[in-house]
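Observations on the three-dimensional arrangement
Given next are the chains, with one letter for each unit.
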Amino acid sequence: MGDVVLQGAGLRKSFFRAGRDAARRFDAVADVSVALRSGEMCALMGRSGSGKSTLLNMLAGLLTPDEGTVSLSGQDLYALSDEALSRLRNQAIGVIPQGHTALHSLTVFENVELPCHMHGETTDVHDRVDSLLEKLGIAELSNAYPSELSGGELRRVAIARALVVEPQVILADEPTSDLDDENTELVMNALRAASREGRAVLLVTHEQAAATYADRVMRMDAGRIVEGVEA
Amino acid sequence: MDFKKLPFKNIARHPGRSALLVSLVAVLAFAMLAGTLMTASLRHGLQSLEQRLGADVIVAPKTAKSTTDLEQVMLDGVPGSFYMDASILDTVAQVEGVKQVSPQYYLATAKAGCCSYPIQIIGIDPKTDFTIQPWIARSYADELGLNDVVVGCDITGAPGTTVRFFGVECRIVAKLDETGTSLDGAAFASAETIRELMRSAVEQGQQTMDKADPDKVVSTVQIKVADGYRASDIADDINLHVRGVWAVPSRSMTSGVADGVSGASRMVGMLVVAVWLLAVAVLVAAFSMTGRQRTREFAVLRVMGASRRMLSSVVITEALMLSVVGAAIGILVALCALVLFNQALESALSLPFLMPSGGTIVLVSVVTFVLSSLVGPLTSALSAMRLSKVDPGQSLREE
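Going along each chain's sequence as written, the residues are numbered from 1 onward. Whichever chain is written first is A, and whichever ligand is written first is 1; the rest continue in order. A pLDDT threshold of at least 70 governs which residues receive local features in this predicted model, and a stricter bar of 80 or more applies before side-chain atom pairs are shown or counted, although totals over entire chains, interfaces and linings include all residues. Side-chain metrics in this entry use all non-hydrogen atoms of the structure; hydrogen atoms and water are not considered.

Quick look at the environment of Asp154(B)
Residues and elements named next belong to chain B. Runs of E in the DSSP output that reach at least two residues are strands. Runs of H or I that reach at least four are helices, and both are numbered from the N terminus. Here Asp-154 lies in the loop between β5 (148-151) and β6 (162-165). For the exposure calls, accessible area comes from a 1.4 Å probe over protein chains only, and a residue counts as buried if that area is under 20% of its type's maximum, exposed if over 50%, partly exposed in between. Given the relative accessible area of 35%, Asp-154 is considered partly exposed. Between the alpha carbons of Asp-154 and Ser-182 there is a distance of 9.3 Å; along the sequence they are 28 residues apart.

What about the interface of chain B and chain A?
With 27 residues of chain B at the contact, the number on the chain A side is 33 residues. With both chains or domains summed, chain B and chain A bury close to 2,600 Å², and 56% of this area falls on carbon and sulfur atoms. Once two parts are joined, some of their accessible surface, as seen by a 1.4 Å probe, is lost; buried area is that loss totalled over both. Considering only the side of chain B, the residues that lose the most area to chain A are Met1(B), Arg13(B) and Met304(B), jointly responsible for 27% of the buried surface there. In what follows, salt bridge is the name for a side-chain nitrogen of Lys or Arg lying within 4 Å of a carboxyl oxygen of Asp or Glu. Counting across the interface, chain B meets chain A through four salt bridges. We note a salt bridge from Asp82(A) to Arg302(B), for which the minimum N-O separation is 2.9 Å. Put simply, the parts of the chain that give the side of chain B that touches chain A at least two residues each are α1 (6-13), α9 (295-304), α10 (308-349) and α12 (392-398) of chain B. With seven residues, the single largest contributor to the side of chain B that touches chain A is α9(B). Classification convention: Asp, Glu, Lys, Arg as charged; Ala, Val, Leu, Ile, Met, Phe, Trp, Tyr, Cys, Pro as nonpolar; all other residues, Gly among them, as polar. For the side of chain B that touches chain A, the per-class residue count stands at eleven nonpolar, six polar and ten charged. Note on contacts: a residue pair is in contact if any heavy atoms of the two residues lie within 4.5 Å.

Regarding a nonpolar patch on the surface
Residues and elements named next belong to chain B. Exposure above 30% relative accessible area and the absence of a salt bridge qualify a residue for a patch, where like charges join within 9 Å and nonpolar side chains (Val, Leu, Ile, Met, Phe, Trp, Tyr) within 5 Å. Per-residue and other accessible areas were derived by the Shrake-Rupley procedure at a 1.4 Å probe size, with only the shown protein chains allowed to occlude residues. A grouping of Leu-320, Val-324, Val-362, Val-366, Phe-369, Val-370, Leu-374 and Leu-378 is seen on the molecular surface, where their side chains present a nonpolar patch of about 630 Å² in accessible area. Mapped by element, the contributors of at least two residues to the nonpolar patch are α10 and α11 (358-388). Per-element tally for the nonpolar patch: the top contributor is α11, with six residues. Assignment of secondary structure puts Val-366 in helix α11.

Comments concerning the domain arrangement of chain B
Many authors give the size of an interface as the accessible area that is lost as the parts come together. According to the domain assignment, chain B consists of domain 1 (3-48 + 258-398) and domain 2 (51-255). Start and end positions for the domains come from either an automated domain assignment or a database one. Computed from C-alpha atoms alone, the centre-to-centre distance between domain 1 of chain B and domain 2 of chain B is 49 Å.

Re the sheet that holds strand β9 (residues 216-221) of chain A
Residues and elements named next belong to chain A. When DSSP finds two or more bridges between two strands, those strands count as paired. Strands sit in the order β6-β7-β8-β3-β9-β10 across an open sheet of six strands; the sheet is mixed. Because the sheet does not close on itself, it has two edges, and the strands there are β6 (93-96) and β10 (224-227). Pairwise comparison of adjacent strand axes, ignoring direction, gives a mean angle of 25 degrees for this sheet. Pairing of strand β3 (residues 41-46) with strand β8 (residues 200-205), which is carried by five bridges, proceeds in the parallel orientation. Residue pairing for β8: Ala-43 is matched across the bridge by Leu-203. A fitted line through C-alpha atoms represents every axis, and for helices the fit uses only the stretch in contact; the resulting angles, taken between N-to-C directions, go from 0 to 180 degrees. Strand contacts of helix α2 (residues 82-92): β6 and β7 (169-173), with the helix running at about 80 degrees to β6, the strand carrying the most contacts.

Set out below in C-alpha cells:
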C-alpha cells in the first residue's frame, strides 16, 4: 500500500426529515474519520441508510460536511473555491454515482471523453477512450446512445468515464447493484485493476460478493464506522 | 468532444423539448411585434388622417343632412356628392376669425375605366387650397392642368396613363403616397377639371347636380382659423349666421375615429400585455421545469468536474440559442402577416391604418428580438443559480 491520498477527519452530516424541528434531524454521518491509500481497494459496507453514500459524497467534494475536513494529498477540499474544487475533482477524483448517470444527449464515446475536455485537456484522449472501452468490453457501442444500452453497459460507461482522467482516487457508489454475475465480475475486475495501477479505490456496497475484491472492508452503522477503520 | 458543444448536442437530441421552447419564444416575439406595429399603424393612420383633413372647420351644405354624410365622404371614403352655392365661400370668408378659405368639389363616379368600384373625385382650387395641395406637392410639383388627375395609391393606373371619367379622358400625372385613409382610394383634380367632369356627368345623365350650374357650386368650404380663435366658436358662428350650411370643426369629426383608434390601440395593447404575461409565465415554468427535470444531469456534470459557472453557461447557451431562433421566427412571421394582411386589417378595423416607416419597423423588430431573446436565458440563469446552490451530492441523493 502507498501513502494516504484521501483523508476525511471528524466528518459529520445531518439531514432533516419532513419538517425543520430539531427532533426530526438525524445524523447521516456522525464523527467519521477515514483514510484511503494509493493502490488500496477499500469496501465500505452497511445497510441502506447507514450513511455510506453520504460519506462517499463528502469525500468526493460533492456534499459539504457540517463538521470535519476532507483533504486530498494534503489539500482541504472544502477550503477551495468552487472553480478550484471542480477542477481538482475533474483531474484527481473519479466518481461513479449510483444508478444510471450517462448523459442522454451524448454517445458512449462522447460520454466517456467529456471529463477530459472540461478543463482543457486534449492530449491522447481518443486513444485513452478507445482503450478503456476495449478493456470494459463496450468498444462496439462507441457510437450508441445511452437509451440503447443495458444496465450493465451503462454502468461500464460510468466506470470508463471515471477512469478516463486517470484520477488518484476512485469513489464508486454501489457499482454492481442490479448487475448479473458476469457484469459484476467485469466491473469489479476493472476497479481492482485501477487500484493495482496505484489508485485509491473506495467501493460503497452492500453486496458481500463485491466486498471480496477489496483489500480492506469497513462497516458502517447509524452514521458511524464500526469496523475496519485503519489503525 | 469540446465541452462547449454540449448545449448544441442537448438541443439536437431533445427535438420535442427544443421545438416547444422555440415555439413559446416565437409566440412571445410575434405578439410583441405584431401588437406594437398594429398600435403604431393605427396611431400613424389617425395622424395621417388629421394631416390630410388639414382644415380647422369644414362647411358643408345642409343637404349633407348630418355629420354621418359628411364623415362618410371625408373619413370613410364612401363616394358622395353634395353641393351648395359658391357664394357661400365669400360669406364664410367674412366671418370674424376666419383666416383662409378654400373650396372643394366632390363628384362620385358610378363606374370608371380605371376601377371596378365607385370612387370619389375631389376637386380643389390650386390657388387657395391649403389641405390637399401640400400633400400632392410631395408627389407632383407642377400645377394641375385641365384633365390632369392625381390618384391615391389604391387606384390602379400609373402616372402617364389615362383614365376615363364620365367619358372624359383624364391624364394621371402622379400617384400619392399611402395615407392609410379613405383618401387612398380617391382621385384629385383642379376645379376647372372637375367642373368639366360635372358637366359631362350631367350630359350623360349620371349626375343631376340638383339642377345647379357646375360653375356656381362648391361641395365644402375648408376654413383655416386665425390665431387666437377657436374652431368650435367659428363653427358656431357660421351655423348661427349663415343659412343653408352646416359647419363642423374637423377635430370633432375625427374625434370618433380617434376614439376608435384609442379603443383599438388599448385593446391591442392589453392583448399584447396578456399574451406577454402568459408567454413569459409559460416560458418561466417551461425553463424551470426543464431545469428541475435535468437536476440529475446537472449533478452528473458536477460529479465530472463542471463548475457552477460551466453549468450555468451550458444552460444559458441552450436557452439563448433556442430563444434567438424563436424570436427570429416570431418576428419573421409577424412581419409577413402584417405585410400580407395589412389591407384586410384596415378593412376589418374600419379605422385609418398606416404602417410606420421602415426605420421604425426595424427599430421595433430589433427591440422585440432583444427582449424576446433575453427571457429564456434570464429564466434559465435563475434556474441554474437555484440548482447550483444545492450540493450535487444532495441532488444525487434525492433522486
